[in-house]
Amino acid sequence: MAQAERDLLETALDELEFPRVLEAIARTCVSEAGAVRTLHLRPTMDAMALRADLDRVGECVDLIATGETIPFDRLSDVKGLVVRCRIEGNFISAPDLLKVLEALQTSRNLKSFFRERAPRCENLNAYCEPLVEDRVLEKHIHEAIDDNGTVRDNASRELQSIRREIHDLSAKLRNRLQRILKKYGDEELLQDEFITQRDGRFVLPLRVETKRSVEGIIHGVSQSGQTVFMEPAETYEMNNDLAILHGREQREIIRILSTLSAEVGAVAYGIDSAVDVLTELDTILARARFALDHGGIKPVIVDDEEIELTNVHHPILAINARRTRDAVIPLSVRFDVATRGILISGPNAGGKTVAMKAIGLTMSMAMSGIFPLGMCSMRPRRITTAIGDHQSIESNLSTFSSQIIRLRDVLSHCDGNAMVLIDEICAGTDPAEGGALAAGILDSLIERGACFVVTTHQSSLKQYALTRSSITNASLEFDDTKMQPTFRFLYGVPGNSYAFHLAKAVGLPEVVIDRATGYLGDRHGELEKSINAMQQFRREAESAHRLAAEEHAKAERLRKDYEERVAAVKQKRSSVVEDAREEAREILRKANALVENTIREVREQQKSTAEIKRDFEKGRVADKPRSETPPSEAPQAGALTPGAVATVRGTSSSGTIISIDEKGKNVMIDVNGIKFRVPLDQLDSGATSAPKERKRQSSIVDHLKLDASTSLDLRGMRADEGLRALEDFINNGILGTLTHATIIHGKGTGAMRKVVHEYLHEHPQIQSWRIGTIHEGGDGITVIEFR
């Protein structure tokens, strides 16, 4: 890319406020190098590299959305340290070696993490291949340096021996000083009774007036001047020996650090490459977190001329702490071979420039490997802009001349790969001449195959756009009853400026407005009325389409619910039939066994015919189902007791009495599988028991729940309330033969989600569960599958 094109791109990104988006993403990076690289992200024209970058971000989004914790929480900038280690004889400090160890551990952990999940993140796994795995170097650094950045005593035998000598000699010196301290204390020579150090030597605090009473060397004076710190003469030799030991200790530490630094220098190129990969991974993870936090959607990079943005939100408005993405009105636009430009018109402060910036920012984010806040399908384009007032007294530039100079530069680098964004084109001059000049510029953009978005107030340009098939009018909706913009983007409909309405609303005299209307002329008024009519037709059509879509969705839900219920009933019916067949097979098996046993006994015992018949009858009676009541135990006709058959008076319905309350006034009765309570005096006794098959069917119908809900909303509940609701929901889902269900617990602090997941993990009837996808609601919902 030529320098002039780079300058135009940087200017365009600044005017679109793209750096503000990068700053929001950079704040979530774990390393300073990752934040810097994020701030330097720029749109690329390399479609293949862009797809690979977006795939890596998408894999990170999927991993985080499913609850995976990527082992990347910190990274220091060690590139400079590694360069120093490559210099022979040089060494870095123990804390710096700890930073290198941290980078090595992060490199190894991330490489292992993505390798284990290669089927789910093959692009990330391949990208992490250059990461370093050097457990030997990690072990050497860890064994030599502790977590506080201090060389360990056991880093070498020599260091361990030296420090043991230092410890022993320091103890002896302190004992000697304690005796001296006691002696000087008795002689009232001390300022304070403690032992301290100055210049690495042990000293005692004496009163300044007694300094000549003690033989020794003064190593310092207190800030107040009242205390001198003196090394007694009798400890000279011990302090000297201690200083020699400290010198030996320091030389051994330098030798250890030099050895470790040389080991780092031996693999410096590998570490350097790994740090580059880790820094890029930091930006990838930051972009993934941004997508999850703000509802970003992976863009589709195509090779054709089509650009399609669907329900995209302005990212800066969405990331504002006082707003949510849903509070920002989305817009949708489309460019293709036939449609190359969009002309946006409408009132002042209606959102024209914001809408144009939303289009530019969405495309810039997609080409920079950032998920935009909406659906985006496009091929890479060079974005250039002419937005804002760049007048300058020093440069002798007016608003109009500064924009014309910018448009000159844009046209000089414009081709079929360009996306040009122009705000208030050719404003600030004679409207007739400005309109004509703007039309000429747009003709040139169309001729060169560029795509463009232009905002204007000029009616002549609205009419011009109606005569060009390659330009589509658009506007921002304005509520002329409330006299305020709604910020809804109306694609295909031009907008009015509402200058007279706004002037009247702010209190401009009526006579002024009437005179101005007279100067305007009938032709302009007819155009404004036509635009109003088009906007009204658009609103009515959208309202009708929305109602039709709602009715269609409602019908679709009813159809799906009906199909699920029919399937559940069919499944239950199949189960009942299979149970009956199994019972019949069991009866047949027992009967066959009884016959075979009887034949065997005849052959073996030579029984008489009467004995055989008697034994056979006993066996047959014993094998009858236990549920059959012997005739002697059957309820007698006329007795209204549990198990008896009764008829509801005034109807032909009869059923089985289940229970009678303690007072004997009310009865629970089962009629064809439906249970209800009736007064005892409303029943007439029946003659026979209910058929066995009816009992079996009623018990099945009694437990079948066809109206089980497929979703549960726990937002706003406490943990104990949510747990009770969840338990009831799961039980109803099992009775309703559900296969899948959705639990809405929200994001919040994650407490309710944790309660839900712990309950689902222990429930035996839950086959599996997962966090919802971005389209389903992300980590605010959990989708479960029943067994």
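Refer to the structure presented above.
Anyway, here's the lowdown on the structure attached to this text.

The rules behind the values
- Residues numbered from 1 in each chain as written.
- Predicted model: local features only at pLDDT ≥ 70, side-chain atom pairs only at ≥ 80, totals over all residues.
- Heavy atoms only, no water.
- Pairing = 2+ DSSP bridges.
- Helix = DSSP H or I, 4+ residues; strand = E, 2+ residues; numbered from the N terminus.
- Axes fitted to C-alpha atoms, helices over the stretch in contact; angles between N-to-C directions.
- Contact = heavy atoms within 4.5 Å.
- Buried < 20%, exposed > 50% of the residue type's maximum accessible area, 1.4 Å probe, protein only.
- Parallel < 35°, antiparallel > 145°, perpendicular 65-115°, else oblique.
- Left-handed = near helix turned anticlockwise from the far one by under 90°.
- Nonpolar A, V, L, I, M, F, W, Y, C, P; charged D, E, K, R; others polar.
- Core = buried A, V, L, I, M, F, W, Y, C linked by side-chain atoms within 4.5 Å.
- Expected span 1.5 Å × (residues − 1).
- Right-handed = clockwise from strand over helix to strand, strands pointing away.
- Salt bridge = Lys/Arg side-chain N within 4 Å of Asp/Glu carboxyl O.

1. Brief notes about the sheet that holds strand E4 (residues 227–232)
Stage number 1. The strand order across the open sheet formed by four strands is E1-E2-E4-E3, and the pairing between neighbours is antiparallel. Each of the sheet's edge strands pairs with one partner strand only, and the pair in question is strand E1 (196–198) and strand E3 (216–221). In this sheet, neighbouring strand axes are inclined to one another by 50° on average, regardless of whether the strands run parallel or antiparallel.
Stage number 2. Bridging between E3 and E4 involves five bridges; their strand directions are antiparallel. Considered in E4, the bridge of Val 221 is made with Val 228.
Stage number 3. Most of the contacts of helix H10 (residues 236–266) go to strand E2 (residues 201–207), to which it runs at about 140°, and overall it touches E2, E3 and E4.

2. Section: the environment of Arg 84
Stage number 1. By secondary structure assignment, the location of Arg 84 is in helix H5 (residues 79–85).
Stage number 2. A residue is classified by how much of its surface remains accessible, and Arg 84, at 35% relative accessible area, is partly exposed.
Stage number 3. Sequence separation between Arg 84 and Gly 265 is 181 residues, and the spatial gap between their C-alpha atoms is 7.9 Å.

3. Concerning the packing of helix H14 (residues 399–412) against helix H15 (residues 431–447)
Stage number 1. One can describe the packing of H14 onto H15 by two numbers: an axis separation of 12 Å at closest approach and a directional angle of 15°. Judged on the interaxial angle alone, H15 and H14 are roughly parallel. As H14 packs across H15, the resulting crossing turns out to be left-handed. Here H14 contributes Phe 400, Ile 404, Leu 407 and Leu 411 to the contact with H15, which in turn contributes Leu 437, Ile 441, Ser 444 and Leu 445.
Stage number 2. Tallied by class, the residues present in the contact of H14 with H15 amount to seven nonpolar, one polar and no charged.

4. Some points on the nonpolar core
Stage number 1. Of all hydrophobic cores here, the largest spans 101 residues; its most connected members are Ile 70, Phe 114, Ile 145, Val 264, Leu 281 and Met 419.
Stage number 2. Beyond its immediate stretch of four places on either side in the chain, Met 419 contacts Ile 307, Phe 335, Met 363, Arg 381, Arg 382, Ile 383, Thr 384, Cys 451, Phe 452 and Val 453.
Stage number 3. Core analysis: the second largest hydrophobic core is formed by 23 residues, Leu 343, Leu 407, Ala 418 and Leu 445 among them.

5. Some points on H14
Stage number 1. Over its 14 residues, H14 extends 20 Å from the first C-alpha to the last, a length consistent with the 20 Å expected when each residue adds 1.5 Å.
Stage number 2. For H14, every residue scored as buried is listed here: Ser 402, Gln 403, Arg 406, Leu 407, Val 410 and Leu 411.
Stage number 3. In this structure, the buried side of H14 is in contact with helix H1 (3–16), strand E10 (382–386), strand E11 (418–422) and H15.

6. Some words on the pairing of E11
Within a regular strand, side chains alternate between the sheet's two faces.
Stage number 1. Most of E11 sits out of view: five of its five residues are buried.
Stage number 2. Burial along E11 is two-sided: Ala 418, Val 420 and Ile 422 and Met 419 and Leu 421, pointing in opposite directions, are all buried.
Stage number 3. Looking at chain direction, E11 and strand E12 (residues 451–456) are connected through four bridges and run parallel. Following the sheet pairing, Met 419 is matched in E12 by Cys 451.
Stage number 4. This β-α-β element, E11 to H15 to E12, shows right-handed connectivity.

7. Re the pattern of salt bridges
Stage number 1. Here the structure, examined in full by the defined rule, presents 43 salt bridges.
Stage number 2. The closest approach of N and O atoms between Glu 280 and Arg 37, which form a salt bridge, is 3.4 Å. Remark: Arg 37 occurs in helix H3 (residues 32–39) and Glu 280 occurs in helix H11 (residues 268–294); sequence separation between them is 243 residues.
Stage number 3. Assessed through its relative accessible area of 13%, Glu 280 is described here as buried.
Stage number 4. What makes Arg 37 partly exposed here is its relative accessible area of 30%.
Stage number 5. Between Glu 252 and Arg 255 there is a salt bridge; the shortest N-O distance is 2.6 Å. With a gap of three residues between them, Glu 252 and Arg 255 both fall in helix H10, about one helical turn apart.
Stage number 6. According to the relative accessible area criterion, Arg 255 is partly exposed, its value standing at 43%.
Stage number 7. Members of the salt-bridge network, linked through shared partners, are Arg 37, Asp 53, Arg 56, Glu 280 and Arg 287.

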